[in-house]
Amino acid sequence: MVVRPLLRAVIMGPPGSGKGTVSSRIVTHFALKHLSSGDLLRDNLQRRTEVGVIAKTYINQGQLIPDDVMTRLMLNELKNLHRYHWLLDGFPRTVPQAEALDETCQIDTVINLDVPFETIKQRLTARWIHPGSGRVYNLEFNPPKDVGLDDITREPLVQRDDDKPETVTKRLKAYEAQTKPVLDYYRKRRILESFSGTETNKIWPMVHAFLQTKLPEVSQQEAAPHR
């Protein structure tokens, strides 16, 4: 029996690219640990850990959390995952973070979801919600029966600030400016694997096929504890 080396992978993609959906499918199909920087940060903030308290001081001031704080947060958690295949989500976001990660472990592959910004803008700006219930509508594939009104209460729907066209454009430009150097960094190391498309359900089979060459596939029941 051939024992495969442990996989060290990163997934990248702009907000609205389907990264959350693809990550959850990877966890369902493959035996690995999924480590999201956002989830880990929220957990540390809630538990008021030392690094969580430090991060909160920057958040309260409306500042970005410095590279060294995010790196410390992630690397501390990775110490507990040394016996597992793992997938990092949301980290590294900058070249200094990528370099710090390299000093600790060797990344094998970086999965990049390459979705056109225009597609993402259409996807996100089509989302409207009913504030009272939290019901979510999408004008493209799950529209309300009557434009602008909740199906059940008939109350007006609203668009979150994050989903307004000008905000989406700003977020996408910020993502591109921040992460392009990171993509270039991994491209030069020849470990960047980009998967292009406009629909998650068409990108996923390509990602799935690629990971089948890297990881053992498991049943859904076996995969559940790895969430």
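The structure contained in this document is the topic of the report that follows. Just so it is clear, the model here is predicted, and its values are computed rather than measured.

The rules behind each value
- Residues numbered from 1 in each chain as written.
- Predicted model: local features only at pLDDT ≥ 70, side-chain atom pairs only at ≥ 80, totals over all residues.
- Heavy atoms only, no water.
- Helix = DSSP H or I, 4+ residues; strand = E, 2+ residues; numbered from the N terminus.
- Rg over C-alpha atoms; globule rule 2.2 N^0.38 Å.
- Buried < 20%, exposed > 50% of the residue type's maximum accessible area, 1.4 Å probe, protein only.
- Contact = heavy atoms within 4.5 Å.
- Areas by Shrake-Rupley, 256 points an atom, 1.4 Å probe, with all protein chains shown as cover.
- Lys, Arg positive; Asp, Glu negative; His and termini not counted.
- Charge placed at Lys NZ, Arg CZ, Asp CG, Glu CD.
- Salt bridge = Lys/Arg side-chain N within 4 Å of Asp/Glu carboxyl O.
- Pairing = 2+ DSSP bridges.
- Axes fitted to C-alpha atoms, helices over the stretch in contact; angles between N-to-C directions.
- Arc of directions from axis to C-beta.
- Parallel < 35°, antiparallel > 145°, perpendicular 65-115°, else oblique.
- Left-handed = near helix turned anticlockwise from the far one by under 90°.
- Nonpolar A, V, L, I, M, F, W, Y, C, P; charged D, E, K, R; others polar.

1. Some points on the overall build of the protein chain
Here is step 1 of the chain: Counting secondary structure elements, the protein chain contains 9 helices and 7 strands.
Here is step 2 of the chain: Here the C-alpha radius of gyration of the protein chain, 19 Å, is about what a compact globule of 227 residues would show, namely 17 Å.
Here is step 3 of the chain: The principal-axis extent of the C-alpha atoms belonging to the protein chain is close to 60 × 45 × 35 Å.
Here is step 4 of the chain: In the protein chain, which comprises 227 residues, the share counted as buried stands at 41%.
Here is step 5 of the chain: A fraction of 72% describes how many contacts in the protein chain between residues 6 or more apart in sequence connect residues 24 or more apart.
Here is step 6 of the chain: Summed over its atoms, the accessible surface of the protein chain is roughly 13000 Å², and 52% of this surface lies on carbon and sulfur atoms.
Here is step 7 of the chain: Of the side chains in the protein chain, 32 bear a positive and 28 a negative charge, and the two mean positions are spaced by 2 Å.

2. Some points on the pattern of salt bridges
Here is step 1 of the chain: Scanning the entire structure with this criterion turns up 14 salt bridges.
Here is step 2 of the chain: Its salt-bridge partner being Lys121, residue Glu118 comes within 3.6 Å of it at the nearest N-O pair. Pair noted here: Glu118 and Lys121 are both in helix α6 (residues 117–125), with a separation of 3 residues, about one helical turn.
Here is step 3 of the chain: With a relative accessible area of 48%, Glu118 lands in the partly exposed category.
Here is step 4 of the chain: The exposure class assigned to Lys121 is partly exposed, which follows from its relative accessible area of 24%.

3. Examining the sheet that holds strand β2 (residues 33–36)
Here is step 1 of the chain: Read from one edge to the other, the open sheet built from 5 strands follows the order β2-β3-β1-β4-β7, with strand pairing classed as parallel. With partners counted over all chains shown, the strands left at the sheet margins are β2 and β7 (192–196), one partner each. Within the sheet, the average angular offset between the axes of one strand and its neighbour, ignoring direction, is 20°.
Here is step 2 of the chain: Strand direction decides the pairing type here: strand β1 (residues 8–12) and strand β3 (residues 86–89), joined by 4 bridges, are parallel. Following the sheet pairing, Ala9 is matched in β3 by Leu87.

4. Thoughts on α6
Here is step 1 of the chain: Of the residues making up α6, those classed as buried are Thr119, Ile120 and Leu124. Along the axis of α6, the buried residues cluster in a sector spanning 120°; they form a single face.
Here is step 2 of the chain: Elements in contact with the buried residues of α6: β5 (127–129) and α7 (165–188).

5. Notes on the packing of helix α1 (residues 19–29) against helix α8 (residues 200–212)
Here is step 1 of the chain: Closest axis-to-axis distance for the α1/α8 pair is 10 Å, and the angle between their directions is 40°. Taken together, the axes of α1 and α8 lie oblique to each other. Crossing handedness for the pair α1 and α8: right-handed. Here α1 contributes Thr21, Val22, Arg25, Ile26 and His29 to the contact with α8, which in turn contributes Thr200, Asn201, Trp204, Val207, His208 and Leu211.
Here is step 2 of the chain: Looking at the contact of α1 with α8 residue by residue, the classes come out as 5 nonpolar, 5 polar and 1 charged.

6. Looking at unusual backbone geometry
Here is step 1 of the chain: Cis geometry marks the peptide bond from Phe91 to Pro92; its omega dihedral reads 0°.
Here is step 2 of the chain: Looking at where Pro92 falls in the secondary structure, it is placed in the loop between β3 and α5 (95–104).
Here is step 3 of the chain: You will see that Arg48, though not glycine, has its phi angle at about 55°, which is positive.
Here is step 4 of the chain: Mapping Arg48 onto the fold places it in the loop between α2 (37–47) and α3 (50–60).
Here is step 5 of the chain: Here the phi dihedral of Arg154 falls at roughly 65°; this positive angle occurs in a residue that is not glycine.
Here is step 6 of the chain: Here Arg154 shows up in the loop between β6 (136–138) and α7.
Here is step 7 of the chain: Taking the relative accessible area as the measure of exposure, Arg154 reaches 42% and is therefore partly exposed.

7. Let's talk about the pairing of strand β4 (residues 109–114)
Here is step 1 of the chain: With 5 of 6 residues buried, β4 is to be regarded as a mostly interior element.
Here is step 2 of the chain: In terms of strand pairing, β1 meets β4 through 4 bridges, oriented parallel. Bridge assignment links Ile11 to a residue of β4, and that residue is Ile111.
Here is step 3 of the chain: As judged from the 5 bridges shared by β4 and β7, these two strands associate in the parallel manner. In the sheet register, Val110 faces β7, and the bridge partner there is Leu192.

Spatial relationships are all this shows, so hold off on functional conclusions.
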